Structure formats: structure tokens, C-alpha cells
Amino acid sequence: MKERKKRKQRVIITGIAGRLGLALARRLHRRFDVIGVDRRKVKHLPKDIQFERVDIRRRRFEDVFRREQIDAVVHLNIMHDPRSTDAEHHDFNINGTKKLFELCAEHRVGKVVVLSSANVYGPDPRNPQFLTEDAPLMGGQNFDGIRDLIGLDMFCNTFFWRHPEIETVILRPVHIVGQVNNAPSRFLRLDTPITLLGFDPMLQLIHVEDLVSAFERALIPGIRGVYNIAGPSPVPLSYMLEKLRRKPRPMPEAMVRGLLKMGWAIKVSDWPWPELDHIKYVCMVDDSRAREELGFTHTHEIDDIVREILTRPLK
Amino acid sequence: MFQKIKSKVLGTVDRIPKETWARIEEMEAGQNEYGFDPFGFEPEFLKYIGPPIYFFHKKYFRSKITGLENVPDTGACILVSNHSGQIALDGMLIGAACMFDKKRPRMIRSMVEHWIPTLPFASWVFARSGQVTGTRDNARLLLERDGCLLVFPEGVKGISKTYDRAYELANFGLGFMRLALETQTPIIPIGVVGGEEQIPSVWNIESLAGAVGIPSFPVTPLGALPLPVKYHIHFGEPLLFEGKADEEDRAIRDKVDVVTKAIEKLIDNGLTERTGFFF
């Protein structure tokens, strides 16, 4: 007698149209039934993935949960567009997440994995060299743009006691590099990056494929909690730029800040100037909990990251 | 031009005796596969700061070192010293003693103030030469990694003393003792003699220091540059304390007093031994 094939676990990935979402979808779609949700258009999605183009704040999103039993949700749908207003950020990120969690509770979804960031701790001269998951989220003290992410992270934290039956996992990765379009990845792709004269902090980077592995581990039943995710051993910024054969332009901090503020005001630059603190102070995390409890290991060393940045431009 | 300066600076490494330098290059400093330790210390960087420190240690201050065998070759330890001299050169010289004079060199890590990372260049030089921002987590991590930690429990109070209070110990902080109890780390007391005479200060204008935003504003009639005094650095025998780290301040204070007494004794011995300020 032929045994009935076990039903594949069904996973929703919100924000699947982003580069991280696509990378995750490509890794998961053979083992899981993946349903992708995004309000943006999506390209190059594997054929067996069901895609819903919907804003997660809308009513139509609820239908995705009603149609089929969902086993897990990976929530990547977090907006970070420096040019858009704070109100829009808060509405989309926090209300969207609230809606998602409500639906998960209502439809008895067993697992929710949320993407946060190590930037919620914030670069600061008083930081210990390695921040643990219990460190306060101070990223907003100088940088308003990160406050909605901190709010989101804390909101997800309340789920540990509000809905203990849901396994909530919050991942806080360090600077993601590779085929992603974010500030660190773009900065390392500049030929003549501007650096701050006399500052050379230690950096932690993680390759996007390693982060995908961390998400894979987070989907394992029984895993819950907050995890810092870091890749290879930390190196100074100057070491990274030297490996990439860049020609950095060190400039006095006040000048860079002034230029960036001006560039921002006349809309020739999209770099928010408070983010300069990331090339000034340390903001590194202790990822030992992820390595012990999740069994997470990185496979991309600094040399692999350098090779990738040099050989594969962002499309 | 930058290359020229670099090769010139690197050339000065020859001023350090060959065998001393060879020992330093072999030193295990806990660096990762890229040549940096997690705090940003780069052993390669010693090539740049080693020669000037060697000059100050051997030629300018002619430091006399005793009891260096009390510093263990491996394993975590906390060095506790008196602090003096308006400029913190005593830390540099203790580091130099453990680096240049010890048979198996040890890298001394000290904790720096929180505002150091906000200064351009200083933040970079201090990090590359192994100095660490002073937080409790950092100290704990350093000891876990079998580091050798140098602390000055007197802090700025010790360094900005006026000359009439020379070689008096200011009130010791308790943090180092709690750390030692928690991690079961031996404490090595150090008495530094000579530092008080390098820039004698007659008055500390605290109101002015507060207004400018610096830790102290000393009035120094003999100029602001250190005089070529002779430093005498005495390392005492290791002290190991037992007890709970979270006891009341009073109980911890008793243990700290034992360290204070040991340092006072080392300083007194040093003061009676020396025959003058400059030789």
C-alpha cells in the first residue's frame, strides 16, 4: 500500500519581492509550500510559489490565512525608505506587524519569525564591544529613522507573554552584505567611499545567504526567542576597504556631516547623516546564543564576501 | 609621501634589540584569522608605537623594574596600580615593562574612558594598541579570554593630585574587586614611584576644568611636559581573594583595603630605596 505523502509545511513570506525575501524563497520552496506576499511587483520567483500582491494592512490579506492552514510566517515586510516620512514608516511597519500577529493568533499559526536588525542597539561610544540580546535598544537616541524598527522589535517582544502558544523568533542580524540593496552593501560598493578622518571602528558583516540559513534554523519547531546573528570575526572598516582595493577619502567628521545634510536637503544624496555613526563607533553583537541554541554557523568568510562584492555588481 | 613616512616609521623598529622584538612577535595576543582581536587590537600595530614607547621606557624615564616574575606568563590576571603624574604615562610604562622586559612578553590591556572613542585618531590609536573602552562587560570578556587587565582604581582623582599630596592614595573604586571575585582572578599590586615628580602640580582649578570640559586643570610651574624623572615600578606578589562578588560595599571595601595596603607598602619601599628624583 502506498503511504500517503506527508503534507508539506506551509510558510508565508511577507515582503518576498525584496532581495532577502527572494533569496529565502529560493532556499525554502522545495521543502515548504511557500506563499509570498508583497505590495510590490515580484520578478524571478520560482514557479511553485504562490504569490499574492497585497498590502498586509488591507482586508484582502486576511483571506490568505482563511484559505489554507498556515504553519509559519516569516515577516520580512519591513519598510526602510529614508525618503519616506516617519508617519508612513510607523503605519506600515507597526500597524502591518500588528495586523499580521493578530491574524497569526486568530488562525493558530505555530511560528512567527521576524527580521529586526542589530542596528536597533545603535552605534555608541559607551557600547560594550559585544552587545547581548538583553542590551537596551538605544539606536533611536540619535537616529529617528530607526525608531519604528525599535518599536516593531519591542512589539514583537510582547508576544512572548501575550501569545505564549506562538513560537516567536526575532532575528537581529548585523550589516547584511551580498546581493542586497541596503546602506552597508551600497557603501562597500563605492569606489571612493568617504570615511571619517581618524575613525576606524570594528565591523561585523553577514552574507545574505548565511542570514537565510539562520532563518531556516529559526523555522525548526521548538525554537523561540531573540537572537543576534553575526557572520565572520569582526574586522576594522579600513581592512575591509583595503581588501576591496577601494580608495577611501577620509574627511573631517563635521565636513562630512555638513555635506550630507546639504546633499539630503537638495535631494542629491539619500544617506541619512545620523547613519554616519556606523562608520564612527562600534555596534557589534554577541551571537553566541544563536550559535548554541539555533546551531547557526556562517559559511561565508570575509574573503568570500570581498570576492562577491568585487565580482557581482548589484543588478 | 605617505609611503615614505611609513617606511621611515617602520625603520625605527631597529632601535629595539632584535631578540626582544622577536619575542614580541611570537607573543600570543588572541588575534583572529585576520590579525585583529575582537577589541580592535592589531599586534602588527606595535611596529609603529613600539619604538617610541621603548625610547621613553629605556632612555627617557630609564624605568627600574622589580618583581616582574610576579606577573604570570599565561592566564587571566588583574594588575592594580597607583595613578599619578597629570598625564597617564604610568600605564604606558607598566605596559612597556611587561612587553620589553618580561621573558615571555604579555600584552597589557587597560580600560580607557568613554569619551576616548569620540576623539578622532585617539579612538583609532587606542583601539589598535589594545586599549579597551571601560565597561564591565568588556572587562569580563577580556578576563574570559585570559587577558591581563591593568586598572587604576583611583581614576582621575589619582592622576590630578597636587604635589603636596604626592604618593597618597586617593579613594579606591570597588569595581575591580567585584570583578576579581566573580572571575576568580589573581590581583597583582603595583607601586609606581617617580610619576609624581614628572609634572608637579600646585593647584587643580576644578571650576575651569568643568567649564572647559576636561577632567582636571592643573597649574604646573615647571612646564606641561614631563621631566626626565626616573621611574621605579615594583610588582608585588599576587593576591587571590575569596568571597561573593555581590556582597555589600563594606565587605568589599575590606578586601580592597588589603590591596591598598600592599600598594602603599610597595610605594614606601620604593621611596626609601631611591636616592633622587632623576637617578
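Residues numbered from 1 in each chain as written. Chains lettered and ligands numbered in written order. Predicted model: local features only at pLDDT ≥ 70, side-chain atom pairs only at ≥ 80, totals over all residues.

*Asks:* Hey, could you run me through the overall build of chain A in this one?
*Replies:* When helices and strands are counted, chain A shows 11 helices and 13 strands. Referenced to the eigenvectors of the C-alpha coordinate spread, the extents of chain A come out at roughly 70 × 40 × 35 Å. Each of the 315 residues in chain A was classed as buried or not, and the buried ones make up 43%. (Helix = DSSP H or I, 4+ residues; strand = E, 2+ residues; numbered from the N terminus. Buried ≥ 20, exposed ≤ 12 C-beta atoms within 10 Å, placed from the backbone.)

*Asks:* Please explain the environment of B:P221 as it appears in this structure.
*Replies:* All names here are of chain B. Secondary-structure assignment places P221 in the loop between β8 (218-219) and β9 (232-235). C-beta crowding within 10 Å serves as the criterion here: with 10 such atoms nearby, P221 is assigned to the exposed category. Sequence separation of P221 and P200 is 21 residues, and the distance between their C-alpha atoms is 7.6 Å.

*Asks:* Can you walk me through the interface of chain B and chain A in this structure?
*Replies:* Where interface size is given, it is often the accessible area lost as the parts come together that is meant. Contact with chain B, which involves 19 residues of that partner, is made by 18 residues of chain A. Secondary structure elements with two or more residues in the side of chain B that touches chain A: α5 (122-128) and α6 (136-144) of chain B. For the side of chain B that touches chain A, the element with the most residues is α6(B), which contributes 3 residues. Of the residues contributing to the side of chain B that touches chain A, the split by class is 10 nonpolar, 7 polar and 2 charged. (Contact = placed C-beta atoms within 7 Å. Nonpolar A, V, L, I, M, F, W, Y, C, P; charged D, E, K, R; others polar.)

*Asks:* How should the pairing of strand β1 (residues 9-14) of chain A be read in this particular structure?
*Replies:* Looking down a regular strand, the side chains alternate between one sheet face and the other. Residue and element names in this part refer to chain A. Across 6 bridges, the pairing between β1 and strand β2 (residues 32-38) is parallel. Within β2, the position partnered with I12 by the bridge is I35. Note on the crossover from β1 through helix α1 (residues 19-28) to β2: the handedness is right-handed. Across 4 bridges, the pairing between β1 and strand β4 (residues 72-75) is parallel. Each residue of the ladder has a partner; that of I12, found in β4, is V73. (Pairing = 2+ DSSP bridges. Right-handed = clockwise from strand over helix to strand, strands pointing away.)

*Asks:* What is the right way to read the pairing of β9(B) from this model?
*Replies:* Residues and elements named next belong to chain B. The side-chain alternation of β9 yields two buried faces, one formed by H232 and H234 and the other by I233 and F235. Pairing of strand β1 (residues 64-66) with β9, which is carried by 3 bridges, proceeds in the parallel orientation. Directly across from I65, in β9, lies its bridge partner I233. As paired elements, strand β6 (residues 187-193) and β9 share 4 bridges and run antiparallel to each other. Across the sheet, G191 pairs through a bridge with H234, a residue of β9.

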